[in-house]
Each structure stands twice: as structure tokens, then as C-alpha cells.
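Listed below, chain by chain, are the residues.
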Amino acid sequence: MFDLFRSRAKAVRYLLGALLGIVALSMVITMIPGFGAPSTDNQMIVAEVGKSEITAREVQALMQNLIRSRRVPPEMVQHYVPQLIDQMITERAVAYQAERMGFRVSDADVANAIRSMLPQLASANFDRSAYAAYLAQQGLTIEEFERNIRSNLMLLKLQNIALEGAIVTPAEVETEFHRKNDKVKVDYIAWEPKETRSEVTVSQADIEAYYNANRGQFMSPEKRSFHLLIADEARMGAAIEVSENDLRAAYSANLDRYRLPEKVKVRHILISTTGKSPEETAKLQAKAADILKQARGGADFAALAKQHSDDPGSKETGGEYEVVRGQMVPAFEQAAFSRNVKEIGELVKTEYGFHILQVLEKMPAKVKPFEEVKAELATERKRDAVYSTMQNNIDKARAELARAPQTAPQIAAKYNLIHTFVQNAAANSPIPEVGTSPELSATLAGLRQGEVSQVMQVAQNKLGVVAVTEVQASRPATLADIEGTIRETLINQKAGVLGQQRMQETMAKLKGMIGTGDLNAMAKAIGGTVKSTQPFTVEGAADGIGPATYLQEAFTKPVGSLVGPINIGAQVIVAKVAEKIVASPAELAAARDQLVISIKQRKAQERKELFEDGLLTQLIKEGKVKKNQETIKRLVTQYQG
């Protein structure tokens, strides 16, 4: 995909778009409400923390960013909004407490944070006025943006103090080692109800009764009709030709790009001496000398490398590397470039150890010929030309569309654009030539009848602009509008009840037989067969069953014990502990450091949650944190599908 914002002004916008897309709560500032998103007052207060307010606008901005970046499925938005608000309040509360305690963040801290987030911001070519203008389009100033970063840094300072000093004992390490690495193997039977949808019926009376009982819940969503003009890369690129003279000129102007340095292809065997004593090093040198003797005597070099080499990056490929000057340590490089092809010289000593090295091929420096890079050059030049054409055509079309939206088809033909008229599209509806486009949906949400959008990226390699011709307000849905939806709902409900009924009957039957301990008899009773898993760990998965978390009891019960019956999704499982494999203590030493880190991380997270919960409770008690439940409820309601 080529860069749709390659010009300098648009590059700045794209760069800042990436920065503003960081989902770090306080730092997320993309303020574009979604198509069908809440139409509430953007300054409606969701919560207050000290003198700081969290507004509906901020929540909308963050949710839109999460939806657009596909971090939250659209169908889960209404469930995620309250959690998101709680998280925003918590982070704002911690930052507030840090300020009360005297913590401060300097301008240099803020500047360093921005540079570390996106180093391009420190570029001498960065246009601060374009930066400010872009933020202004989003309803935000540079000061507000940097205040958000300052607040986040203050939050981190206080959290670090609250979380430091976690101690891990040897007993905890050993317990965690066995918890993670001990394995069990189980025999099991699985029962799953047959498809029940075909067994249920829904009458017209059922549908009407459901509609009448729930009439107030059914709304036909707000819909828009609009002209959509699209600049498509493939369509415009098809008409563009790049002459060979242009390609040769581009080739000549960029010869350095096609220069290939001198290279040698080698293979080697490393006998590592890192961290070894002089006595151990002497023994390893003798070992390397013996391997060298075998290689010179005609032994398979690749096989020797796989058997003896301590270089994990090459041993499985027989020790092979392609080397250019300046890539390896000096002694290795000198030997690689000075030896003859096929020669196996003396041992090479480097800071890593002893190397047995053979040169396989020498490739002198050269310039790739024109014919070899011609296709690549043609693609690049064509792409540049396509981009310029797309950008110019869509910009001109947008200007004409703003003056005469009713002439959209003629404008599209004039500038080689795709035109489509979309009638009565609801939020997030698939659009012809585009599909589902969060960017297009977000833009449409803010347009009224007669308005024309700015140019936007509507799909991969497509730029677009829309002119809204009609906006239909949300209204109560008629039975005809939603009859099909109600039918599906009722079928699913009845099928689910029937499936649950059969599952409960099976669960009861299996529970009545658990005391017998006879897994084969239980399988026969429900028409199943006994299967076996491979050994698995508590953090692994059991074949045919799923995550081991469903079988936690198997790790604590003795061999021969039954576990279940367990309802896992649509299945009922009964398992029998067939074998327990205790992890070897010899493996503990190698895993110790990583175990200590993971235990510390878990303790830190637990302390973080306790700290935040305690702080939030105290600030609520002091009246420093206030939540507006009515506003939150309205936000959630308006995000419902």
C-alpha cells in the first residue's frame, strides 16, 4: 500500500495522527465522533477528579479510536464503555494524588516523552504551525495535548513508588516452577447436544407478541443518503505509462541505491569461550583443533556445525553466513575476506571463542544492471504518478462537489473517479466499492444534509469524498422493519432453551454416575467414547477440550480421580486423571531468573490494583472523585447497536 499522505503537509498530519492514536487513555485525543455514536453535548461531564473533568467528548474520542483501530469489536462497545470510564477515572485520580503529594514533571520530561514516543517530532523540519492547526481541527490545543502527557508522567512517578520493592522467596520460585511445568494427562468423554434450531418453530403470533411486548426497544437508526466519489489506485494506474527514458534517467540518478558491496559466503563453527576460565579455554581450544582436523580431513562441515557449533544463529543451517565488510568482528572478517574459496585455514580467535571457517563463495562489489531493476523502478515511478494524480483529481473533484453536489456523476466522470449513490445507509453499513469503513462512518456522523466532507482515506489505496443529500432521523421501527430480526431472535431463544434442557439432563445423568468412577460406563450411558489427551501444563491446553484452566482440579487430585462434569461452551466434559508428570528439579536453575521476573510482575500488578482501589475509595470519600451515573448511562445507551 502506498502512502496516501506523502506531501509534506499531509505527512505532518499523518505523523500526528499516529501519535494521537496511542491508546494511553490521557494521551488519546482523536476527537471524531463515530457514525451513529452519541449525539450528546460534547462537554457533558462524565466524572470529576479534583478540579479536572472527564467529558463525554473524551470518552467518545477514545472509543472511536479503539473501534477504528479494531481493538474493540463494535458489538462489544456498549459493554466496554463503563470499564473504559472507570479506567480513565482511576488514572486521573492517581495523577491528581501525585500532584497533591508534590510530584512535578518538567518541560524537559514532557519533551523527552514526546521524543521517545515519536522521534520524528524532534526533526528540524517539523512544522509546529501545522501541528497546532491539526490539533485545532480536533478541538485541542498543543497545551492541552502536552498537559495530558504531563499528567500521565506524574501518574507513572507515583505508581513506581507504590510498586517498588517486591520480594520473591526461593519457596515461591519453586512453587511457581512446579505450577507452570508439572503436567497431567487425562482420559475424558465429551458430549455435545445436536442441532436444535430445526426442531423449533416460530409463528407469526409469536413474532407479533414479541414486538408488542418490546415495541419501545425497537428503533430504526438514523440513516443518510449521499454521493460518494472515490479515487482508486488501480483504476488510475491502469492508464499511466512510464517511458524507458524516464526509467533510465531515474536509474542513473540513483546509482548508489543499486550498488552491492563486496560479499563473501562462509560457513563456520564456533566453540564459545565466553565466561570461561583460562583452564577451560585451553580445553576448548583443543576441542576446536580436533574439529578443525576433522573438517580438513573431509568430514561433512555442515554436520560438524550442527553437532558442535555454539552459534545459535547459524548452526542449524550448517554454519552459513553472507558477510559484508564491517558486519563481523575484525579477526573473523579478515579471515573471511583473505582466504581462498574452499580453503579451511587455521583457527580464528575472537572475543567469542574459536572459529573454524571456510569460504564458500566470493562476490565482488557491483552495481545492479538496469534490466535487473527496471521492473522495480517502473512500479515506483508509476506509484508516484498514481499518487499525484489521485490526490490532484480528488481535491479538484471535492471543490466542484462543494459547489454543485447534484452533479456528482458528471464530476466523477470528469476526473476518472468512481461514483456511487448510497441511499438510507445506517451506521457502519457496508458501502459499495468500500465495504465497512470506520473512517467513512466517523466522517458521515458529523455531516448534515447538504454538507460535503474533506478528502479521506476510505479503504486501502482509495481516497474518497462524500456529499450528504438526506438525513433521516431515528424513529420507532415498524414490525415490517424488524420482523426478520425478531424471528431469528425467537428461534435462537427457543433452540437455546431446548439445548440447555438436554445439557442439564446429561449433566444430571453423569453426576449420578460420578461415584462409580467408571468412565467407560459413563461414556456408554451418553453414547460417547473415551479419548485421551497428551500431557499438558496448567497454562497449556488439553487436546479436544481446550485451555487447561477448565481442568484445574486435575492438577490437585490424585491419579484415578474424576473431574466434572464440566460445561465448556456447548460441551459437557468428564475427565479422569490418568497420569501426573512432575517437572525435573534439574530444570529449575535455568528457569529461575524468568520465574522471579514473572512473580515480581504479578506481585506488582496486585499491589498496583490494591493501591489504585484504596486511593480511589479514599478520594471518593473525600468528595474529590464524582461520577455522573446518568451521563454514563446515556453514553452506554447511545452506543447500543
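Parameters and conventions
Residues numbered from 1 in each chain as written. Predicted model: local features only at pLDDT ≥ 70, side-chain atom pairs only at ≥ 80, totals over all residues. Heavy atoms only, no water. Pairing = 2+ DSSP bridges. Helix = DSSP H or I, 4+ residues; strand = E, 2+ residues; numbered from the N terminus. Axes fitted to C-alpha atoms, helices over the stretch in contact; angles between N-to-C directions. Contact = heavy atoms within 4.5 Å. Parallel < 35°, antiparallel > 145°, perpendicular 65-115°, else oblique. Nonpolar A, V, L, I, M, F, W, Y, C, P; charged D, E, K, R; others polar. Phe/Tyr/Trp six-rings, centres within 6.5 Å; stacked < 30°, edge-to-face > 60°. Buried < 20%, exposed > 50% of the residue type's maximum accessible area, 1.4 Å probe, protein only. pLDDT = per-residue confidence, 0-100. Salt bridge = Lys/Arg side-chain N within 4 Å of Asp/Glu carboxyl O.

1. Focus on the sheet that holds strand β5 (residues 223-232)
Consideration 1: The strand order across the open sheet built from four strands is β12-β5-β14-β13, with neighbouring strands paired in antiparallel fashion. The sheet is open, and its two edges are formed by β12 (418-425) and β13 (456-459), each paired on a single side. If you compare each strand with its neighbour and ignore which way they point, the axes differ by 40° on average.
Consideration 2: By the bridge criterion, three bridges tie β13 to strand β14 (residues 462-472) in an arrangement that is antiparallel. Its bridge partner lying in β14, Gln457 is registered against Leu463.
Consideration 3: Along the sheet face, helix α14 (residues 370-403) touches β5 and β14 and points at about 20° away from the line of β14.
Consideration 4: Each of β5, β13 and β14 touches helix α16 (residues 438-445); the most contacted strand, β13, lies at about 130° to it.

2. Remarks on the sheet that holds strand β1 (residues 45-49)
Consideration 1: Ordered in space as β2-β1-β22, the three strands form an open sheet in which the pairing is antiparallel. Whereas interior strands pair on both sides, the edge strands pair on one side only; in this sheet they are β2 (52-55) and β22 (625-627). Neighbour-to-neighbour, the strand axes of this sheet turn through a mean angle of 20°, independent of strand direction.
Consideration 2: The pairing of β1 with β2 spans four bridges and is classified as antiparallel. Counted as the bridge partner of Glu48 is Glu53 from β2.

3. Quick notes on the packing of helix α7 (residues 170-181) against helix α19 (residues 588-621)
What describes two packed helices is the angle between their axes and the distance between those same axes.
Consideration 1: The N-to-C vectors of α7 and α19 enclose an angle of 100°; their axes lie 9 Å apart at closest approach. One finds that α7 runs roughly perpendicular with respect to α19. The segment α7 lies against α19, with Glu172, Val173, Glu176, Phe177 and Lys180 engaging Leu588, Ala591, Arg592, Leu595, Val596, Ser598, Ile599, Arg602 and Lys603.
Consideration 2: Taken together, the residues that form the contact of α7 with α19 break down as seven nonpolar, one polar and six charged.

4. Points about the packing of aromatic side chains
Consideration 1: Taken as a whole and assessed by the stated rule, the structure comprises three aromatic pairs.
Consideration 2: For the ring pair Tyr210 and Phe218, a centre distance of 6.3 Å and an interplane angle of 40° mean the geometry is tilted.
Consideration 3: Given the relative accessible area of 16%, Phe218 is considered buried.
Consideration 4: Each ring, one from Phe536 and one from Phe555, has its centre 5.8 Å from the other, and the planes form 80°; the classification is edge-to-face. Linking Phe536 in strand β17 (residues 536-537) with Phe555 in the loop between β19 (546-547) and β20 (562-568), this pair joins segments that are 19 residues apart in sequence.
Consideration 5: Assessed through its relative accessible area of 3%, Phe536 is described here as buried.
Consideration 6: One aromatic cluster is present, built from ring pairs that chain together Tyr210, Tyr211 and Phe218.

5. Remarks on the confidence of the model for the chain
Consideration 1: Per-residue confidence for the chain gives a mean pLDDT of 79; residues scoring 70 or more make up 85%.
Consideration 2: Across the chain, element-level confidence peaks in helix α15 (residues 408-414) with a mean pLDDT of 93 and bottoms out in helix α1 (residues 8-20) with 34.
Consideration 3: For residues 1-42, every residue scores under 50 in pLDDT, and the model assigns this stretch 131 contacts once sequence neighbours within four places are set aside.

6. Concerning the pairing of β20
Consideration 1: Counting buried positions along β20 yields five of seven residues, so the element is predominantly enclosed.
Consideration 2: With five bridges joining them, β20 and strand β21 (residues 571-581) adopt antiparallel strand pairing. Counterpart to Val563 in the pairing with β21 is Ala575.
Consideration 3: Counted between consecutive antiparallel strands, the loop separating β20 from β21 contains two residues, among which Gly569 sits at a positive phi close to 60°.

7. Things to note about the pattern of salt bridges
Consideration 1: The tally for this structure, following the rule as stated, stands at 17 salt bridges.
Consideration 2: One salt bridge in this structure joins Glu322 and Lys263, with 3.2 Å as the shortest N-O distance. You can see Glu322 sitting in strand β8 (residues 320-324) and its partner Lys263 sitting in strand β7 (residues 263-272), a full 59 residues away along the chain.
Consideration 3: Here Glu322 falls in the partly exposed class, since its relative accessible area comes to 42%.
Consideration 4: The exposure class assigned to Lys263 is partly exposed, which follows from its relative accessible area of 24%.
Consideration 5: The partner of Arg487 in a salt bridge is Glu483, and the shortest N-O contact between them spans 3.8 Å. Placement of the pair is Arg487 and Glu483 together in helix α17 (residues 479-513), with a separation of four residues, close to one helical turn.
Consideration 6: Linked by salt bridges that have partners in common, Glu176, Arg179, Lys180 and Glu539 make up one network.

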